[in-house]
Structure formats: C-alpha cells, structure tokens
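Geometric and topological summary
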Amino acid sequence: MKENLVGLTLAQCAHYAEGIGEKKYRGRQIYKWIYEKHAAAFAEMTDLPAALREKLEQTAELGNLTLVEKDERSPSGSVKYLFRLHDGYHIESVFIPDSPRRTLCISSQAGCAVNCRFCATARLGLKRNLTAGEIVDQVLRIMRDVNDQITNIVFMGMGEPFLNYDPVIQAANILSDDNGLAIGARRMVISTCGLSDQIRRYADEGHKFRLAVSLNSPFQEERERIMPIARKWPLDSLLDAIHYYAIKSRKIPTFEYVLLAGINDTRIHAEALKKLVKSMPSKLNLIPYNPTVAQFSRPTEERVNEFAQWLLPLNAGLSVRWSKGYEVNAACGQLAGKQSEWIR
Ligand code: SAH
C-alpha cells in the first residue's frame, strides 16, 4: 500500500525523506507543499527534482479519502461532504460559512461507540478510529473544494475525539502549526461526551485548543438515560475534571446542551443547569435538537427562547446554536447512516 503523507508532522516528513534515501530538507519541502500550499498532487511540487516526484508518485499518496456525495442544498450555505475511507467505511464533514468565519465540522472516528440515545451516528456503532491523516485530509480536501481558507475547526462530526485521543491531538497540532495550515489553536474546539480521565490528561498536557463538553442534562439519572456513558463517568467526577481543566489551563470550557422537547427543556432543568454552569468559569451553548431519531424532537422556538430566558442572569456567555446544517441533514451521522444501508 502507498504511504499516506497527509497526517505526518514536520519531524515525520523529514524522517520519511531520510527513509527513502533523500535529504531531510526534502521532507520539509514536502511538508510545506502539503499543508501550506495544499498541493493535491506530487507533480505540483516543482522545487523537488523530477525523479523524486516520480518516486513519490509510485510509492506515496496525498490523502486517500474519496468524495462520495456533496450536499449543497442548505440555504444557509452549509455544505455537507460524505467521504469513503480506503477500507469502505464512511465519514462526513460539514463546511459552515458564517462570515467572517468559515468553520469546518470534522469527524474523529467512523461511527461511534458511545451510544447517546438521540444521536444518528450512535446507530452506526463504531467502525474504527480515524488516523491523523484521515482527520487532516478532511480539512485539505474541503479547503481545496471551496477554494478558501478554513478559519475554525470543530471536532463535532462523527465519533468521540477522546476515544481516539492521540490521532486527534496529532491532527489538531498539524492543523494549527504555523508552518503549515496555521489555523489558530484558539479557533479549534474539541468536543467530548465527557470522559473525565481524558479531560484531566488534556488539561495536564496544556493544549491550546478549546474544550467543549456535551452535558445535555444537569441530572445524573437522566444523563445516564440519554447518554449511557454517564454511568462510567458520573456527573460529580465529570464536573470535577472540567473544573480542574478550567483552573489548570486558565481557559473557559464550554458546556453543550442539546435541547430535547419534553425531556430536558423544563424550568427545573434550566434552574439546575444555571447553578451548574455558575459553579465554575464556563460558557454554555444551547443546541436545539436536529431531529434524527424518532423518539426525540426539537422544542418550539418559543420554548427554546423561554429556556434561555430562565437561565438569566448568567454571567457566563450563553448562546443558542441553531444547527446550520438542518436543511442538509447535517446532524452528525445522517449521510453516513443513509450509506450504510448499502455499503458495509
Ligand atoms: N462525541 C462528541 C462530538 C460529536 S457530537 C460529543 O459528544 O461532544 C457533537 C455535539 O452534537 C454534541 O454536543 C452532541 O450532543 C450534539 N448532537 C448530536 N446529535 C445531535 C442532533 N441530532 N441535534 C443536535 N445536536 C446533536
């Protein structure tokens, strides 16, 4: 199989060059072509000798995602991409232009093992972890397709980033490297369902990417019902870990709260949520549910606004994120779910 060079760090590129009998600096040149100039083919790498370009053509590749479907129907301008991996599994990414930002929502795993009841990806189960290359390649492919820079990255596509920790961090490091794609670390968000030990590890390692935690209920029992992973990582320990992160990193974590009609959208929830958010430096994003699973629905707009009102006054930042991809089935897992009927 050809060696995929997308996903290699600068040091790994240099090492790769030496491994094929070239000087180290050739690796640095290749690195720049991939991440700074977004080269789609070795033929574009004009400062490499022709013989080396030919050798690379034979033995290496620049990413290996295949675009299967591109859905541009969203009036908001969001574009949803469905990619096939080399072994036949599918992942999706969503481009969300919101001037001046151009955000990309990317996947960290094919499918997901976490099994949140309301989530479309959960229905697929976990197929496998993505490599750092497959994560970074989503960004390169879409950047070339839209012919524009990506300003923000959110790890909110398929999968649980903290169950694929090392490749996700490697990809995030590459995406934020000043010598390459140079997407600001503070403009990248890693979103987790709430694995306390990984949150502490993330805090200890001192990463600059922002952290978001999918809370979805302020009550342990209810959280267990909609997010069974909460049995393993109970709310008390989770909040301790997030607090630890906030203190240690001096960064403000974001709580995400998917609003599910008749389930977690009552005044009692709002009061408990407010108390919880106020207990530490944090922000809160309310996400009205994007209907994908039959048992769950989105509260009315009126109720969403009312819920937000109940939370006031909240010193922390509060925003309501109407899912931009609603019209293009852009809730996590929807396109790949459609595909899985006929492929793997
Ligand atoms: N596994 C990670 C990242 C993927 S999900 C996590 O749990 O955070 C990203 C966010 O989308 C999470 O907050 C999740 O609760 C939310 N989400 C999942 N399905 C949704 C849907 N149908 N509508 C709205 N938000 C959804």
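Structure: see above.
The structure contained in this document is the topic of the report that follows. (Residues numbered from 1 in each chain as written. Predicted model: local features only at pLDDT ≥ 70, side-chain atom pairs only at ≥ 80, totals over all residues. Heavy atoms only, no water.)

1. With respect to the overall build of the protein chain
A tally of helices and strands in the protein chain yields eleven helices and 14 strands. C-alpha extents for the protein chain along the principal axes are approximately 70 × 45 × 35 Å. Counting across all 344 residues of the protein chain, residues that qualify as buried make up 55%. Expressed as a percentage of contacts within the protein chain between residues at least 6 apart in sequence, the contacts between residues at least 24 apart total 66%. Carbon and sulfur atoms form 49% of the exposed surface of the protein chain, whose accessible area is close to 15,000 Å². (Helix = DSSP H or I, 4+ residues; strand = E, 2+ residues; numbered from the N terminus. Buried < 20%, exposed > 50% of the residue type's maximum accessible area, 1.4 Å probe, protein only. Contact = heavy atoms within 4.5 Å. Areas by Shrake-Rupley, 256 points an atom, 1.4 Å probe, with all protein chains shown as cover.)

2. With respect to the nonpolar core
Within the largest apolar cluster, 102 residues are counted, with the highest numbers of intra-cluster contacts made by Leu 5 and Ile 153. No fewer than three residues from each of domain 1 (3-61) and domain 2 (66-342) sit in this core. Apart from residues lying up to four places away in sequence, Ile 153 is in contact with Leu 104, Ile 106, Val 139, Leu 175, Ile 183, Arg 187, Met 188 and Val 189. (Core = buried A, V, L, I, M, F, W, Y, C linked by side-chain atoms within 4.5 Å. Domains from an automatic or database assignment.)

3. A look at the site of the ligand
Every one of the 19 residues lining the ligand counts as a neighbour, but Gly 159, Glu 160, Ser 191, Ser 214 and Asn 290 are closest to it. Gly 159 has a polar backbone atom sitting 3.0 Å from a nitrogen atom of the ligand. Here Cys 193 contributes a backbone N or O atom positioned 3.5 Å from an oxygen atom of the ligand. The protein chains hide 92% of the 540 Å² of surface that the ligand would expose on its own. Those elements that provide at least two residues to the shell around the ligand are β10 (188-192) and β12 (254-259). The residue inventory of the shell around the ligand, partitioned by class, reads nine nonpolar, eight polar and two charged. (Near = heavy atom within 4 Å. Polar contact = N/O pair within 3.5 Å; in protein donor to acceptor, adjacent residues only side chain to side chain. Nonpolar A, V, L, I, M, F, W, Y, C, P; charged D, E, K, R; others polar.)

4. Quick notes on the packing of aromatic side chains
Under the criterion given, the structure shown has nine aromatic pairs. Judged by centre distance (6.0 Å) and plane angle (5°), the rings of Tyr 81 and Phe 83 are stacked. Among the residues examined, Tyr 81 registers a relative accessible area of 2% and is labelled buried. Centre to centre, the rings of Phe 162 and Tyr 202 are 5.4 Å apart; their planes meet at 50°, and the pair counts as tilted. Of the two residues, Phe 162 sits in the loop between β9 (152-155) and α5 (165-176) while Tyr 202 sits in helix α6 (residues 196-205), which places them 40 residues apart along the sequence. Each member of the pair, Phe 162 as well as Tyr 202, is classed as buried. (Phe/Tyr/Trp six-rings, centres within 6.5 Å; stacked < 30°, edge-to-face > 60°.)

5. Section: the packing of α5 against α6
Between α5 and α6, the shortest axis-to-axis distance is 13 Å and the interhelical angle comes to 35°. Between α5 and α6 the crossing geometry is right-handed. Mapping the contact onto sequence places Tyr 165, Asp 166 and Ile 169 in α5 and Gln 198, Arg 201, Tyr 202 and Glu 205 in α6. (Axes fitted to C-alpha atoms, helices over the stretch in contact; angles between N-to-C directions. Left-handed = near helix turned anticlockwise from the far one by under 90°.)

6. Considerations on the sheet that holds strand β6 (residues 101-105)
Ordered in space as β3-β4-β5-β6-β9-β10-β11-β12-β13-β14, the ten strands form an open sheet in which the pairing is mixed. With one partner strand each, in any of the chains shown, β3 (66-71) and β14 (318-320) form the two edges of the open sheet. Averaged over all adjacent pairs, the angle separating strand axes in this sheet is 20°, with direction ignored. The sheet contact formed by strand β4 (residues 79-84) and strand β5 (residues 90-98) spans six bridges and is antiparallel. Looking at β5, one finds that Arg 84 is bridged to His 90. Against the sheet, α6 contacts β10 and β11 (210-214), and its axis sits at roughly 170° relative to β11. The strands touched by helix α9 (residues 267-278) within the sheet are β12 and β13 (283-288), with β12 carrying the most contacts at an inclination of about 170°. (Pairing = 2+ DSSP bridges.)

7. Concerning the pattern of salt bridges
Pairing between side chains becomes possible if they bear opposite charge and their charged atoms approach one another. Under the counting rule described, the total for this entry stands at 16 salt bridges. In this structure, Asp 148 and Arg 102 form a salt bridge, with 3.1 Å as the shortest nitrogen-oxygen distance. Remark: Arg 102 occurs in strand β6 and Asp 148 occurs in the loop between α4 (132-146) and β9; sequence separation between them is 46 residues. (Salt bridge = Lys/Arg side-chain N within 4 Å of Asp/Glu carboxyl O.)

8. As for unusual backbone geometry
Glycine aside, residues mostly have negative phi, and peptide bonds are mostly found in the trans state. Pro 100 follows Ser 99 through a cis peptide bond whose omega is 5°. Omega for the bond connecting Leu 312 with Pro 313 falls within 30 degrees of zero, at -5°, which places this linkage in the cis form. Among the secondary structure elements, Pro 313 is positioned in the loop between α10 (301-310) and β14. Despite not being glycine, His 38 has its phi angle at roughly 55°, a positive value. Within the fold, His 38 resides in the loop between α2 (24-35) and α3 (50-59). Positive phi, normally seen in glycine, also occurs at Ala 182, with a value near 55°. Structurally, Ala 182 is set in the loop between α5 and β10.

Taken by themselves, the reported measurements are silent on function.
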